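The chain contents come next:
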Amino acid sequence: MSGIDSMTEFYVYENMQLLEQLEEILLSGQSDTGELSQEEIEEIFRAMHTIKGSSAMMGYDSLMNLTHSIEDVFDEIRSGRKLTQSKWEEVIDVVLAIIDFLKDEISKVQEGLFPQASIEELYQRSSNLLKEDIEENISYNTQVDETVDEVVNLDSNGMKIKVFFEDGCGMESIRALGVLMSLEGMHSSIKTVPENLEDDCDGEIAQNGLLLVLENPIDKEAIEKAIQGTMFLKCFEIEEPNENNKEEVAEAEVSEKIEEIEIKEDLNKEETVIEETITNKEETHVLEVVKEESQTEVKENKIEKKKTLDKNKSNKETKNNFLTVNINKIDMLMNLVGEIVTTESMVEKQSQLENFDRDNFEKQARRLHQLTAELQDVVMSIRMVPISSTFTKMQRVVRDMSKKTGKIVDLELIGEQTEVDKTILENISDPLMHMIRNSMDHGVEMPEERKAAGKPEKATVTLEAKNTGGDVVIVIKDDGRGLNKEAIVKKAIEKGITTKRLEEISDKEAYNFIMAPGFSTKEAVTEYSGRGVGMDVVHTNIKKLRGSITIDSESGKGTMFIIRIPLTLAIIDGMKVEIGNEIYIIPSLNIKEVFRSGSYEIVKNPNGEEHSIVRGNCYKIHRLADILGIESKDKNEGIMILVESEIGNICIIVDKIIGQQNVVIKPIPQLLTQFEKVQSYMSGCSILEDGSISLIFDVNSIITR
């Protein structure tokens, strides 16, 4: 069970989505002049306004103040403020920094903590973005003050109240309606400046305050007490009607009979109630909402204090992950479940009939199997999400590195709508980031170097995704200087990674050295490289996803990385094979061809290694029984299977092939992970129909053995 309530969950989910959208707009929406379109400006303004409002509702004042400051910036821009290209760059830099900050703080909220990081630096940067010179500000403020003074002098016969809310409290117009509600019944009529509080007048109230003019106020002390109960109240001033007006009112009251006054007051009250009921239904509804919000805010403040006290305690609550799903997929799922229930009842009924009809039973069983397969496909498709969100983050990496390194780089995205399992998407972000940084730092040259080599000053890094069968292939390539095989091998020998000489090492083997832990050809450690961690992270994470990575490079032309990952981590199509007395599973995607016993020949080289020649190609043979250290039924016979991956092709020999079926992948039980060969050559396990556990081979590990 999650440690946060449903309102907080929705707050986290909604605002994280908005921040992702904002980042995508900022990174992909800029024109050649650095400007954003009017539509994109409006989107950014609306998103920041939404985040501000929801943060204020939750009581996260720092986040509300920060988003309010950037909202003001885009409010000016959408109102026609023109910016230079350099100013646009500055605005986008600040907004991206704010987005990063908000993501970190909202992540804390998801963990059950209270956002309390300082916003001072970012708030100052945001507030100073579009500031005019001091004279213009002074002139503007003077005009505002004069306007307020003129308003204050209006309706001088009433009691004037000037209310100021705390700086950055947010939703000032809603809070102003709350003040009106608290004064209900303490006057005969009331006027406000701004006049219509239901309009978006937050900025005006925040700057000039709220002016109230009350006719016939009943009791100054009661009014003061009511206003003092307002949340986020900074200060207020009360100016009573002048003495001359009081005397005139007193003489008028003396000249009238008490009975007439009482009748008129009763009639006025009834008329006021009827008029407000008929003409101000919307305002009444708003006031009710304000009353509910006021009660909610008091409750939220108590929660805030409790969270603040508990902020240093360890928090191990489970995070909730949300997934946006197309409604059509849900409809398909519901229809399939309905059909399965119907077919299941038919199968059960058929098996209970006295006159059992085997043909009908098999027909209904096949239909049930078909529906189950369709159900599996739909459920899997629900978990599939576009890779575009992860690709967009890479634009940020390229942008930031370009500014810091002085390299001019264009990131080209291809196939960003390719869908992958959500679990894979969450785990592929870090490897992609390291590889893009690697291309930017090691591969792409400085503009002067590119120009001298006859290349355009602007380099291109391409990030491409595509589906091939049951895999997703991600390609990262650049048009930089390429990998230096000699330098890589020299460093590998120094690090003790290999003892071979340069002439004995193939290009592919040399390129794979860069993924070794601690390997780097950089002489000095920089912000981006030199520690030999990046590509090691890539290799480790890709291996966890049951994927593979291959590297190709040409000196002076560039480097290409190809990552192949299964579309989903949950279910695979596998071939069940028997080795000794145990059943194992080989992923069908890795199987290229199967040879029956006696249909192939085995030759041995001088080192005693076994090979087989298939259609003119020589493949190395691995006997899985020998790899696992178990006794084979017959060493002279067996089924040979040609398996393949981007790393290479080899032949493996098993005792027997049982059959092919879809298997659900489960983590290897903790008890089995202590065995070295299980850790080295297995990627998971599955539960078979008889309840036994079958281990799944990692073909890449066998090929690279």
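As the structure is a computational prediction, the values presented were derived from the model and not from experiment.

### Some points on the overall build of the protein chain
Scanning the protein chain from N- to C-terminus turns up 23 helices and 22 strands. In the protein chain, which comprises 705 residues, the share counted as buried stands at 41%. Counting contacts in the protein chain only where the partners sit at least 6 residues apart, residues at least 24 apart contribute 71% of the total. When the accessible area of the protein chain is evaluated, it comes to approximately 39,500 Å², of which 49% is carbon and sulfur surface.

### Details of the packing of helix α1 (residues 6-28) against helix α4 (residues 85-110)
Any two packed helices are characterised by how steeply their axes cross, that is the angle between the axes, and by the distance between the axes. As a packed pair, α1 and α4 sit with axes 10 Å apart at the nearest point and diverge in direction by 160 degrees. By the angle between their axes, α1 is roughly antiparallel relative to α4. Relative to α4, the crossing made by α1 is left-handed. Residues Thr8, Tyr11, Val12, Asn15, Met16, Leu19, Glu20, Leu22, Glu23, Leu26 and Leu27 of α1 pack against Ile92, Val95, Leu96, Ile99, Asp100, Leu102, Lys103, Ile106, Ser107, Val109 and Gln110 of α4. Split into classes, the residues belonging to the contact of α1 with α4 amount to 14 nonpolar, four polar and four charged.

### Notes on the pattern of salt bridges
Taken as a whole and judged by the stated rule, the model has 27 salt bridges. Asp100 is paired through a salt bridge with Arg396; the nearest N and O atoms lie 2.4 Å apart. Linking Asp100 in helix α4 with Arg396 in helix α15 (residues 388-405), this pair joins segments that are 296 residues apart in sequence. Through salt bridges that share partners, Glu20, Glu23, Asp100, Lys103, Arg396 and Asp400 make up one connected network.

### Section: the sheet that holds strand β2 (residues 189-193)
Overall, antiparallel pairing links the four strands, which are arranged β2-β3-β1-β4 in an open sheet. One side of each edge strand has no neighbouring strand; the edge strands of this open sheet are β2 and β4 (233-239). Strand-to-strand twist across the sheet, computed as the mean angle between neighbouring axes with direction ignored, equals 20 degrees.

### Looking at the side chain of Asn15
Looking at where Asn15 falls in the secondary structure, it is placed in helix α1. We classify Asn15 as buried; its relative accessible area is 0%. Separated by 3.3 Å, the side chains of Asn15 and Ser54 make a polar contact. Those residues in contact with Asn15 that sit more than four places away from it in its chain are Ile51, Ser54 and Ile106.

### Details of the sheet that holds strand β12 (residues 571-579)
Within a sheet, each strand pairs with its neighbour through backbone hydrogen bonds, oriented either parallel or antiparallel. Spatially, five strands are ordered β20-β12-β13-β22-β21 in an open sheet, and the strand pairing comes out mixed. In the strand order of this sheet, the two ends are held by β20 (656-664) and β21 (682-687), each with one partner. Each neighbouring strand pair of the sheet contributes to a mean axis angle of 35 degrees, computed without reference to strand direction. Two elements, β12 and β20, share eight bridges in a ladder whose sense is antiparallel. When the sheet's bridge partners are listed, Asp573 is paired in β20 with Asn662.

### Looking at the confidence of the model for the protein chain
Taken over all residues, the pLDDT of the protein chain has a mean of 76, while the share at 70 or more is 79%. Predicted confidence for residues 133-155 stays below pLDDT 50, and this span has 15 contacts to residues more than four positions away or in other chains. Below pLDDT 50 for its whole length, residues 293-320 participates in 32 contacts with residues either more than four positions away or in separate chains.

### Some details on the side chain of Glu445
One can find Glu445 in the loop between α16 (422-443) and α17 (447-452). Engagement of the side chain of Glu445 in a polar contact is seen with the side chain of Lys455, the distance being 2.8 Å. A distance of 3.3 Å separates a polar side-chain atom of Glu445 from the backbone nitrogen of Arg481.

### Comments concerning the pairing of β12
In summary, the side chains of a regular strand alternate between the two faces of the sheet. When you tally the buried positions in β12, you get seven out of nine residues, the bulk of the element. In this structure, β12 lies alongside strand β13 (residues 582-587), joined through six bridges in antiparallel fashion. Residue Lys576 lies in a different strand from β13, and its bridge partner there is Ile585. Counting the residues in the hairpin turn of β12 and β13 gives two residues, including Gly580, whose phi is positive at 65 degrees.

### As for the environment of Phe561
Following the sequence through the fold, Phe561 ends up in strand β11 (residues 558-566). With 122 residues separating them in the primary sequence, Phe561 and Ser439 have C-alpha atoms 9.7 Å apart.

### Some words on the nonpolar core
In terms of nonpolar packing, the biggest core is built from 48 residues, with Leu432, Ile436, Ile474, Ile476 and Ile563 touching the most fellow members. If one sorts the elements of this core by residue count, α16 sits on top with seven residues. If sequence neighbours within four positions are ignored, Ile476 has contacts with Leu432, Met435, Ile436, Ser439, Thr462, Leu463, Thr559, Met560, Phe561 and Ile563. Counting residues in each nonpolar core, the second largest holds 41 residues, with Tyr11, Met58, Leu83 and Val95 among its members.

### Some points on the packing of helix α2 (residues 38-58) against helix α3 (residues 61-78)
Two numbers describe how α2 lies on α3: the axes approach to 8 Å, and their chain directions differ by 155 degrees. Classed by the angle they form, the pair α2 and α3 counts as roughly antiparallel. Of the two elements, α2 crosses α3, and the hand of that crossing is left-handed. Every residue of α3 that contacts α2 at Gln38, Ile41, Glu42, Ile44, Phe45, Met48, His49, Ile51, Lys52, Ser55 and Ala56 is listed here: Leu63, Met64, Thr67, His68, Ile70, Glu71, Phe74, Asp75, Ile77 and Arg78. Across the contact of α2 with α3, the residue classes tally to eleven nonpolar, five polar and five charged.

Basis of the calculations
Residues numbered from 1 in each chain as written. Predicted model: local features only at pLDDT ≥ 70, side-chain atom pairs only at ≥ 80, totals over all residues. Heavy atoms only, no water. Helix = DSSP H or I, 4+ residues; strand = E, 2+ residues; numbered from the N terminus. Buried < 20%, exposed > 50% of the residue type's maximum accessible area, 1.4 Å probe, protein only. Contact = heavy atoms within 4.5 Å. Areas by Shrake-Rupley, 256 points an atom, 1.4 Å probe, with all protein chains shown as cover. Axes fitted to C-alpha atoms, helices over the stretch in contact; angles between N-to-C directions. Parallel < 35°, antiparallel > 145°, perpendicular 65-115°, else oblique. Left-handed = near helix turned anticlockwise from the far one by under 90°. Nonpolar A, V, L, I, M, F, W, Y, C, P; charged D, E, K, R; others polar. Salt bridge = Lys/Arg side-chain N within 4 Å of Asp/Glu carboxyl O. Pairing = 2+ DSSP bridges. Polar contact = N/O pair within 3.5 Å; in protein donor to acceptor, adjacent residues only side chain to side chain. pLDDT = per-residue confidence, 0-100. Core = buried A, V, L, I, M, F, W, Y, C linked by side-chain atoms within 4.5 Å.

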